Amino acid sequence: MPAVAARTLADVTADALRANCGLCWARPRQPCEGGGTHLPRYQRAHRRGVLSAADMTAVLAAVIASEVPAIATPAGHEKRAALCS
Ligand SMILES: [Zn+2]
């Protein structure tokens, strides 16, 4: 069985941009508001078959390890986080 080459996060993000964003409603190939790429965009691309489960695992693992600074924080979430602390 041939080994499957791992895709880079840059490749995965480029494919995620093929979907519109479910948070800021950026259209395909347009960047999300505020820079970076919102996580719902990755999820939408996954639901549409653009990203694989392995791609999503890599993205979420990178988020947990804070290796994806390009994933944007939705506007206003900082205030809610501050209110909860
Ligand atoms: Zn967005």
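Treat the numbers as computed from the prediction; the structure is a model and nothing was measured.

1. Examining the overall build of the protein
Part 1: For the protein, the helix and strand inventory stands at 4 helices and 0 strands.
Part 2: In sequence order, the protein lays out its α and β elements as α-α-α-α.
Part 3: Counting across all 85 residues of the protein, residues that qualify as buried make up 24%.
Part 4: Long-range contacts, defined here as pairs at least 24 residues apart, represent 53% of the contacts in the protein between residues at least 6 apart.

2. A short note on the environment of Thr13
Part 1: Counting through the fold element by element, Thr13 comes out in helix α1 (residues 9-16).
Part 2: What makes Thr13 buried here is the crowd of 21 C-beta atoms within 10 Å.
Part 3: Once the C-alpha coordinates of Thr13 and Ala45 are considered, the two residues, 32 residues apart in sequence, prove to be 9.8 Å apart.

3. Re the nonpolar core
Part 1: Of all hydrophobic cores here, the largest spans 10 residues; its members are Val12, Ala16, Leu17, Ala19, Leu39, Tyr42, Ala45, Leu51, Ala58 and Val59.
Part 2: Counting only elements with at least two residues in this core, the list comes to α1, α2 (39-47) and α3 (53-64).
Part 3: For this core, the element with the most residues is α2, which contributes 3 residues.
Part 4: Look past the residues within four positions of Ala45 in its chain and what remains in contact with it is Asp15, Ala16, Arg18, Ala19, Val50 and Leu51.

4. Concerning the confidence of the model for the protein
Part 1: Considering every residue of the protein, the mean pLDDT works out to 80; 71% of them sit at 70 or more.
Part 2: No element of the protein has a lower mean pLDDT than helix α4 (residues 77-84), at 40, and none a higher one than α2, at 95.
Part 3: Note on residues 78-85: pLDDT is under 50 here. Beyond four places in sequence and across chains, it has 1 contact.

Definitions and limits used
- Residues numbered from 1 in each chain as written.
- Predicted model: local features only at pLDDT ≥ 70, side-chain atom pairs only at ≥ 80, totals over all residues.
- Helix = DSSP H or I, 4+ residues; strand = E, 2+ residues; numbered from the N terminus.
- Buried ≥ 20, exposed ≤ 12 C-beta atoms within 10 Å, placed from the backbone.
- Contact = placed C-beta atoms within 7 Å.
- Core = buried A, V, L, I, M, F, W, Y, C linked by C-beta atoms within 7 Å.
- pLDDT = per-residue confidence, 0-100.

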